[in-house]
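# Survey of secondary and tertiary structure
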Amino acid sequence: MKTTNQKNMELKTGNSVRVKAGVLEPDTEQFEIGGWQGRIVEIDTTSTDEGTLVSIEWDVETLKLLPADYIIQSEIEGLGWEMMVLFEANIEKADSRDTVSDVKKMQDELSEKYYWSSLGEDGVRIAAVLGDADRNDDMKCFDIWNDYLEARLSFPFKAIVSESQEFGLINVGDTVVIHSLSTINDRFGINAKVKFDSKDYEFPLCDLDASDNRSANYQLLYDYGVWFANR
(Lines give C-alpha, C1' and ligand atoms only; values in the text may rest on other atoms or scores of the structure.)
Protein backbone atom coordinates (compact mmCIF):
# COMPACT_ATOMS: atom_id res chain seq x y z
CA MET A 1 0.00 0.00 0.00
CA LYS A 2 1.25 3.47 -0.81
CA THR A 3 1.69 5.61 2.31
CA THR A 4 2.77 9.15 3.05
CA ASN A 5 4.65 10.64 5.95
CA GLN A 6 2.11 13.39 6.54
CA LYS A 7 -0.31 12.50 9.34
CA ASN A 8 -3.86 13.72 9.83
CA MET A 9 -4.53 15.37 13.21
CA GLU A 10 -7.43 14.96 15.62
CA LEU A 11 -9.36 12.35 13.70
CA LYS A 12 -12.38 11.08 15.60
CA THR A 13 -14.98 8.38 15.18
CA GLY A 14 -17.74 9.76 12.95
CA ASN A 15 -15.44 12.06 10.96
CA SER A 16 -15.83 11.98 7.20
CA VAL A 17 -12.57 11.21 5.43
CA ARG A 18 -11.30 10.77 1.88
CA VAL A 19 -8.59 8.41 0.64
CA LYS A 20 -5.61 10.26 -0.77
CA ALA A 21 -4.73 9.97 -4.45
CA GLY A 22 -2.48 7.08 -5.40
CA VAL A 23 -3.49 4.76 -2.54
CA LEU A 24 -4.10 1.15 -3.60
CA GLU A 25 -6.66 -1.31 -2.27
CA PRO A 26 -4.61 -2.85 0.57
CA ASP A 27 -5.37 -6.56 0.16
CA THR A 28 -4.69 -7.03 -3.56
CA GLU A 29 -3.06 -3.72 -4.52
CA GLN A 30 -4.64 -4.21 -7.94
CA PHE A 31 -6.63 -1.00 -8.17
CA GLU A 32 -6.49 2.54 -6.82
CA ILE A 33 -8.98 3.73 -4.22
CA GLY A 34 -7.93 7.37 -4.14
CA GLY A 35 -11.00 9.59 -3.78
CA TRP A 36 -13.09 6.97 -1.98
CA GLN A 37 -14.86 8.54 0.96
CA GLY A 38 -16.60 7.44 4.13
CA ARG A 39 -16.91 7.80 7.90
CA ILE A 40 -14.50 6.62 10.56
CA VAL A 41 -16.10 3.86 12.64
CA GLU A 42 -13.02 2.83 14.65
CA ILE A 43 -9.51 4.06 15.35
CA ASP A 44 -6.95 1.51 16.52
CA THR A 45 -5.18 3.19 19.40
CA THR A 46 -2.34 0.67 19.17
CA SER A 47 -0.11 2.22 16.52
CA THR A 48 2.13 0.07 14.34
CA ASP A 49 5.49 0.98 12.81
CA GLU A 50 3.54 2.19 9.76
CA GLY A 51 1.09 4.29 11.73
CA THR A 52 -2.39 4.21 13.20
CA LEU A 53 -5.02 2.00 11.58
CA VAL A 54 -8.43 3.53 10.87
CA SER A 55 -11.63 1.63 9.95
CA ILE A 56 -13.73 3.49 7.39
CA GLU A 57 -17.31 2.75 6.39
CA TRP A 58 -17.85 3.87 2.79
CA ASP A 59 -20.47 6.51 2.03
CA VAL A 60 -23.24 6.21 -0.56
CA GLU A 61 -21.33 7.71 -3.49
CA THR A 62 -18.37 5.39 -2.89
CA LEU A 63 -20.62 2.35 -2.48
CA LYS A 64 -22.12 3.12 -5.88
CA LEU A 65 -18.63 3.06 -7.40
CA LEU A 66 -17.46 -0.23 -5.87
CA PRO A 67 -16.42 -2.61 -8.68
CA ALA A 68 -18.84 -5.53 -9.05
CA ASP A 69 -15.94 -8.00 -9.17
CA TYR A 70 -14.66 -6.60 -5.88
CA ILE A 71 -18.03 -7.08 -4.15
CA ILE A 72 -18.49 -10.58 -5.58
CA GLN A 73 -15.01 -11.72 -4.55
CA SER A 74 -15.52 -10.25 -1.09
CA GLU A 75 -18.79 -12.16 -0.74
CA ILE A 76 -17.13 -15.41 -1.84
CA GLU A 77 -14.31 -14.95 0.69
CA GLY A 78 -16.66 -13.83 3.45
CA LEU A 79 -15.08 -10.37 3.65
CA GLY A 80 -16.83 -7.07 4.16
CA TRP A 81 -16.95 -4.69 1.18
CA GLU A 82 -18.85 -2.02 3.13
CA MET A 83 -15.73 -0.79 4.90
CA MET A 84 -11.93 -0.89 4.81
CA VAL A 85 -9.03 -0.50 7.24
CA LEU A 86 -6.36 1.99 6.15
CA PHE A 87 -3.43 3.79 7.70
CA GLU A 88 -4.17 7.26 8.99
CA ALA A 89 -1.48 8.68 6.72
CA ASN A 90 -3.49 7.57 3.66
CA ILE A 91 -6.63 9.58 4.45
CA GLU A 92 -7.62 13.19 4.89
CA LYS A 93 -10.61 14.96 6.35
CA ALA A 94 -13.56 15.61 4.05
CA ASP A 95 -17.06 17.06 4.17
CA SER A 96 -19.90 14.61 4.73
CA ARG A 97 -21.96 13.82 1.63
CA ASP A 98 -24.83 11.88 3.19
CA THR A 99 -26.30 10.50 6.42
CA VAL A 100 -25.74 7.24 8.26
CA SER A 101 -29.27 6.15 7.34
CA ASP A 102 -28.52 6.83 3.65
CA VAL A 103 -25.48 4.56 3.90
CA LYS A 104 -27.47 1.78 5.58
CA LYS A 105 -30.10 1.93 2.83
CA MET A 106 -27.47 1.63 0.08
CA GLN A 107 -25.72 -1.21 1.92
CA ASP A 108 -29.03 -3.08 2.09
CA GLU A 109 -29.64 -2.55 -1.63
CA LEU A 110 -26.20 -3.87 -2.57
CA SER A 111 -26.45 -6.77 -0.12
CA GLU A 112 -29.69 -7.80 -1.75
CA LYS A 113 -28.28 -7.41 -5.26
CA TYR A 114 -25.23 -9.55 -4.50
CA TYR A 115 -26.93 -11.92 -2.03
CA TRP A 116 -26.14 -15.06 -4.02
CA SER A 117 -22.56 -14.06 -4.84
CA SER A 118 -21.13 -15.96 -1.85
CA LEU A 119 -22.02 -19.17 -3.70
CA GLY A 120 -19.59 -18.36 -6.51
CA GLU A 121 -20.52 -19.59 -9.99
CA ASP A 122 -23.57 -21.36 -8.57
CA GLY A 123 -24.76 -18.04 -7.20
CA VAL A 124 -24.25 -16.30 -10.54
CA ARG A 125 -26.53 -18.84 -12.26
CA ILE A 126 -29.12 -18.64 -9.48
CA ALA A 127 -29.18 -14.84 -9.63
CA ALA A 128 -29.68 -15.01 -13.40
CA VAL A 129 -32.75 -17.22 -12.92
CA LEU A 130 -34.39 -15.13 -10.20
CA GLY A 131 -33.57 -11.69 -11.55
CA ASP A 132 -35.11 -8.96 -9.41
CA ALA A 133 -37.56 -11.26 -7.64
CA ASP A 134 -37.89 -10.86 -3.87
CA ARG A 135 -35.77 -13.73 -2.54
CA ASN A 136 -37.93 -13.83 0.61
CA ASP A 137 -41.07 -14.59 -1.43
CA ASP A 138 -40.69 -18.37 -1.67
CA MET A 139 -43.85 -18.98 -3.69
CA LYS A 140 -42.90 -16.35 -6.26
CA CYS A 141 -39.42 -17.88 -6.55
CA PHE A 142 -40.90 -21.38 -6.86
CA ASP A 143 -43.06 -20.14 -9.74
CA ILE A 144 -40.03 -18.63 -11.47
CA TRP A 145 -38.01 -21.83 -11.04
CA ASN A 146 -40.96 -23.93 -12.23
CA ASP A 147 -41.29 -21.93 -15.46
CA TYR A 148 -37.52 -21.90 -15.96
CA LEU A 149 -37.12 -25.64 -15.47
CA GLU A 150 -40.17 -26.64 -17.51
CA ALA A 151 -38.77 -24.71 -20.47
CA ARG A 152 -35.34 -26.38 -20.23
CA LEU A 153 -35.62 -29.88 -18.79
CA SER A 154 -35.80 -32.76 -21.27
CA PHE A 155 -38.42 -35.30 -20.15
CA PRO A 156 -38.44 -38.13 -19.33
CA PHE A 157 -35.11 -38.71 -17.59
CA LYS A 158 -33.71 -40.84 -14.80
CA ALA A 159 -32.87 -39.36 -11.42
CA ILE A 160 -31.38 -40.61 -8.18
CA VAL A 161 -33.02 -39.90 -4.82
CA SER A 162 -30.69 -37.83 -2.63
CA GLU A 163 -33.00 -37.64 0.37
CA SER A 164 -36.00 -39.79 1.20
CA GLN A 165 -39.26 -38.62 2.73
CA GLU A 166 -40.49 -39.69 6.15
CA PHE A 167 -42.71 -42.78 5.89
CA GLY A 168 -42.09 -42.83 2.13
CA LEU A 169 -41.68 -45.85 -0.12
CA ILE A 170 -38.85 -44.27 -2.11
CA ASN A 171 -35.47 -44.24 -0.37
CA VAL A 172 -32.06 -42.61 -0.78
CA GLY A 173 -30.20 -44.12 -3.71
CA ASP A 174 -33.32 -45.32 -5.53
CA THR A 175 -33.60 -44.48 -9.23
CA VAL A 176 -36.82 -42.94 -10.50
CA VAL A 177 -37.94 -41.63 -13.87
CA ILE A 178 -39.09 -38.02 -13.92
CA HIS A 179 -41.89 -37.49 -16.44
CA SER A 180 -42.87 -33.89 -15.66
CA LEU A 181 -43.17 -31.23 -13.01
CA SER A 182 -46.42 -31.13 -11.09
CA THR A 183 -47.53 -29.21 -8.02
CA ILE A 184 -45.83 -26.57 -5.85
CA ASN A 185 -46.13 -26.23 -2.08
CA ASP A 186 -44.47 -23.95 0.44
CA ARG A 187 -42.71 -26.77 2.31
CA PHE A 188 -41.17 -28.95 -0.39
CA GLY A 189 -41.28 -26.55 -3.31
CA ILE A 190 -41.67 -28.02 -6.79
CA ASN A 191 -42.85 -31.61 -6.97
CA ALA A 192 -42.07 -33.92 -9.86
CA LYS A 193 -44.20 -36.68 -11.32
CA VAL A 194 -42.01 -39.76 -11.11
CA LYS A 195 -42.36 -43.46 -11.81
CA PHE A 196 -40.82 -45.96 -9.41
CA ASP A 197 -41.33 -49.70 -9.36
CA SER A 198 -44.03 -49.34 -12.08
CA LYS A 199 -46.04 -46.93 -9.92
CA ASP A 200 -46.60 -43.18 -10.20
CA TYR A 201 -45.66 -40.78 -7.40
CA GLU A 202 -45.08 -37.12 -6.68
CA PHE A 203 -41.65 -36.41 -5.21
CA PRO A 204 -39.86 -33.16 -4.20
CA LEU A 205 -37.59 -32.05 -7.02
CA CYS A 206 -35.07 -30.68 -4.51
CA ASP A 207 -34.33 -34.26 -3.39
CA LEU A 208 -33.57 -35.59 -6.87
CA ASP A 209 -30.33 -35.58 -8.88
CA ALA A 210 -30.27 -36.33 -12.60
CA SER A 211 -28.51 -39.68 -13.15
CA ASP A 212 -26.44 -38.40 -16.06
CA ASN A 213 -24.08 -35.90 -14.46
CA ARG A 214 -22.93 -34.72 -17.89
CA SER A 215 -26.41 -33.69 -19.00
CA ALA A 216 -28.04 -30.28 -18.98
CA ASN A 217 -30.73 -31.76 -16.77
CA TYR A 218 -28.13 -32.47 -14.08
CA GLN A 219 -26.97 -28.85 -13.94
CA LEU A 220 -30.53 -27.55 -13.86
CA LEU A 221 -31.55 -29.77 -10.94
CA TYR A 222 -28.29 -29.04 -9.17
CA ASP A 223 -28.81 -25.28 -9.36
CA TYR A 224 -32.38 -25.57 -8.14
CA GLY A 225 -31.25 -27.79 -5.27
CA VAL A 226 -28.53 -25.34 -4.23
CA TRP A 227 -31.03 -22.49 -4.27
CA PHE A 228 -33.58 -24.52 -2.28
CA ALA A 229 -31.02 -25.37 0.39
CA ASN A 230 -29.80 -21.76 0.73
CA ARG A 231 -33.00 -19.80 0.28
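Residues numbered from 1 in each chain as written. Predicted model: local features only at pLDDT ≥ 70, side-chain atom pairs only at ≥ 80, totals over all residues. Heavy atoms only, no water.

Whenever strands of a sheet pair, they do so through backbone hydrogen bonds, lying parallel or antiparallel. Judged by pairing direction, the sheet is antiparallel, and its 5 strands sit side by side in the order β4-β3-β2-β1-β5 without closing on themselves. A single partner strand is all that each edge strand has here, and the edge strands are β4 (83-87) and β5 (91-93). Going from strand to strand, the sheet's axes swing by 45° on average, the running direction of each strand aside. As judged from the 5 bridges shared by strand β3 (residues 53-58) and β4, these two strands associate in the antiparallel manner. Bridge pairing in β4 places V54 opposite L86. (Pairing = 2+ DSSP bridges. Helix = DSSP H or I, 4+ residues; strand = E, 2+ residues; numbered from the N terminus. Axes fitted to C-alpha atoms, helices over the stretch in contact; angles between N-to-C directions.)

Cis geometry is adopted by the peptide bond preceding P156, which originates at F155 and carries an omega value of -15°. Its location among the elements puts P156 in the loop between α5 (138-152) and β6 (157-161). Although it is not a glycine, D197 sits at a positive phi angle of roughly 55°. Examined against the element boundaries, D197 turns out to sit in the loop between β8 (189-196) and β9 (199-204). One non-glycine residue, S198, adopts positive backbone phi at about 65°. Within the secondary structure, S198 sits in the loop between β8 and β9. Of the residues examined, S198 reaches a relative accessible area of 66% and is grouped as exposed. (Buried < 20%, exposed > 50% of the residue type's maximum accessible area, 1.4 Å probe, protein only.)

A word on the packing of helix α4 (residues 121-130) against α5. Two elements in contact, α4 and α5, have axes whose closest approach is 9 Å; the angle formed by their N-to-C orientations is 100°. In terms of orientation, α4 lies roughly perpendicular with respect to α5. Contact residues: α4 offers I126, V129 and L130, while α5 offers C141, I144, W145 and Y148. Class assignment for the residues of the contact of α4 with α5 results in 7 nonpolar, no polar and no charged. (Parallel < 35°, antiparallel > 145°, perpendicular 65-115°, else oblique. Contact = heavy atoms within 4.5 Å. Nonpolar A, V, L, I, M, F, W, Y, C, P; charged D, E, K, R; others polar.)

Turning next to helix α2 (residues 68-77). The set of residues buried in α2 consists of Y70, I71 and S74. The arc that holds every buried residue of α2, seen down its axis, measures 95°, which confines them to one face. The inward-facing, buried residues of α2 contact β4. (Arc of directions from axis to C-beta.)

Relative to the 21 Å expected for 15 residues at 1.5 Å per residue, helix α6 (residues 216-230) spans 22 Å between its end C-alpha atoms, a close match to the ideal helical length. Along α6, the residues classified as buried are N217, L220, L221, D223, Y224, V226, W227 and F228. Contact partners of the buried residues in α6: α4, α5, β6, β7 (175-185), β8 and β10 (208-210). (Expected span 1.5 Å × (residues − 1).)

A few words on the pairing of strand β2 (residues 37-43). The pairing of strand β1 (residues 16-19) with β2 spans 3 bridges and is classified as antiparallel. Each residue of the ladder has a partner; that of V17, found in β2, is G38. Here 5 bridges tie β2 to β3, and the two strands are oriented antiparallel to one another. Across the sheet, residue I43 finds its bridge partner in β3, namely V54.

Averaged over every residue, the pLDDT of the chain is 93; the share at 70 or more is 94%. Considering only residues more than four positions removed or in separate chains, one finds that residues 1-8, a stretch of pLDDT under 50, has 24 contacts. (pLDDT = per-residue confidence, 0-100.)

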